[in-house]
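Summary of the model geometry
This is what each chain is made of:
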Amino acid sequence: MEKDVLWLSGYREEQPELIDFQGRTVVLQGLDAWIQQDAEKMSSDSIRKRWKEIMADWRIWEKERDEHSCIVIGSDISKGIVPMEARDRRWRDACGWVYQDVASISKRVDIIWYGINQRIK
């Protein structure tokens, strides 16, 4: 079972790019952390372009076989006061745009709040 799942985490600073994986399920956890790392050195447009490419590659992998599934997990950082630092605003804005892009190509989208899911697509 363990060989069937590849779990990549932005919180552990692992790379999210497509690799040759023969299992069934890929979990990309910590999308917000990867985007935060990108915001340190990239413009919002560059971040968005990078993630469109990464997700397009995983989407192709997902379509190769019926049993392939790519699960993307990111924390909602859009609530609260708008950050004062330009880098932090870029991170917050880029997260929102990338999340919208990921949702647009996803078959299913759930929001999970306090352990309760709400399916929105």
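For the structure, see preceding data.
A brief look at the structure comes next. (Residues numbered from 1 in each chain as written. Predicted model: local features only at pLDDT ≥ 70, side-chain atom pairs only at ≥ 80, totals over all residues. Heavy atoms only, no water.)

1. Quick look at the overall build of the protein
Short version of the rule: A helix here means a DSSP run of H or I that spans at least four residues, while a strand means a run of E at least two residues long, and both kinds are numbered starting from the N terminus. What the globule rule says is 2.2 Å times the number of residues to the power 0.38, and the radius of gyration is computed from C-alpha atoms. Three labels apply to residues, based on accessible area from a 1.4 Å probe with only protein chains included: buried if under 20% of the type maximum, exposed if over 50%, partly exposed otherwise in between. We call two residues in contact when some of their heavy atoms are within 4.5 Å. Where accessible areas are quoted, they stem from the Shrake-Rupley method and a 1.4 Å probe; at the residue level, only the protein chains shown are allowed to cover.
Secondary structure summary: the protein contains three helices and five strands in total. For 121 residues, the compact-globule formula gives about 14 Å, and the C-alpha radius of gyration of the protein, at 15 Å, lands near that figure. The principal-axis extent of the C-alpha atoms belonging to the protein is close to 45 × 30 × 25 Å. Put simply, the protein has 121 residues, and 32% of those count as buried. Of all intrachain contacts in the protein linking residues separated by at least 6 positions in sequence, the fraction that spans at least 24 positions is 51%. Total accessible area on the protein is roughly 8,300 Å²; 52% of this is exposed by carbon and sulfur atoms.

2. Some words on the nonpolar core
Formally: Here, the term nonpolar core denotes a set of buried Ala, Val, Leu, Ile, Met, Phe, Trp, Tyr and Cys residues that are joined through side-chain atoms within 4.5 Å.
Ranked by internal contacts, the top residues of the largest apolar core, which has 21 residues, are Val26, Leu28, Ile35, Trp51 and Trp58. Those elements that place two or more of their residues in this core are strand 1 (5-9), strand 2 (25-29), helix 1 (31-39), helix 2 (44-64) and helix 3 (86-105).

3. Some words on the state of the cysteines
Simply put, the disulfide is a covalent bond whose two ends are the sulfur atoms of two cysteines. Just so we agree on the cut-off: Note on terminology: disulfide denotes any pair of cysteine sulfur atoms within 2.5 Å.
Applying the stated criterion across every chain, the model contains zero disulfides. Here Cys95 is not cross-linked by a disulfide; its sulfur's nearest cysteine counterpart is in Cys70, at 17 Å. The exposure class of Cys95 is buried, given its relative accessible area of 1%.

4. Let's talk about unusual backbone geometry
Phi at Glu13 is positive, roughly 60 degrees, even though this residue is not glycine. Within the secondary structure, Glu13 sits in the loop between strand 1 and strand 2. The class for Glu13 is exposed, based on a relative accessible area of 57%. Backbone geometry at Tyr114 places phi at a positive 55 degrees, although glycine is not the residue there.

5. Some details on a nonpolar patch on the surface
Under the convention used in this document: What makes a patch is a set of residues exposed beyond 30% relative accessible area and free of salt bridges, joined within 9 Å when like-charged and within 5 Å when nonpolar (Val, Leu, Ile, Met, Phe, Trp, Tyr). Salt-bridge detection follows one rule: a side-chain nitrogen of Lys or Arg within 4 Å of a carboxyl oxygen of Asp or Glu.
A contiguous nonpolar patch, built from Val5, Trp7, Ile71 and Ile73 and spanning about 320 Å² of accessible area, is present on the exposed surface. Where the nonpolar patch is concerned, the elements lending two or more residues are strand 1 and strand 3 (69-73). With respect to the secondary-structure elements, Trp7 resides in strand 1. On the accessibility criterion, Trp7 (42% relative accessible area) is partly exposed.

6. Considerations on the environment of Asp93
Within the secondary structure, Asp93 sits in helix 3. For Asp93 and Asp66, which are 27 residues apart along the polypeptide, the C-alpha to C-alpha distance reads 34 Å.

7. Considering the packing of aromatic side chains
Worth spelling out the cut-off: When the centres of two rings from Phe, Tyr and Trp lie within 6.5 Å, Trp using its six-membered ring, the rings pair. Their planes under 30 degrees apart give stacked, over 60 give edge-to-face, and anything left gives tilted.
The final tally for this structure, using the stated rule, is four aromatic pairs. Here a set of aromatic residues connected by ring pairs shows up, and it is made of Phe21, Trp58 and Trp61.

8. Remarks on the pairing of strand 5 (residues 116-119)
Applicable threshold: Here, any two strands with at least 2 DSSP bridges between them count as paired.
Summarising the sheet, strand 4 (residues 110-113) and strand 5 pair through four bridges and their orientation is antiparallel. Its bridge partner being in strand 5, Trp113 is matched across the sheet by Ile116. With antiparallel pairing between neighbouring strands as the criterion, strand 4 and strand 5 make up a hairpin whose turn holds two residues, including Tyr114 at a positive phi of roughly 55 degrees.

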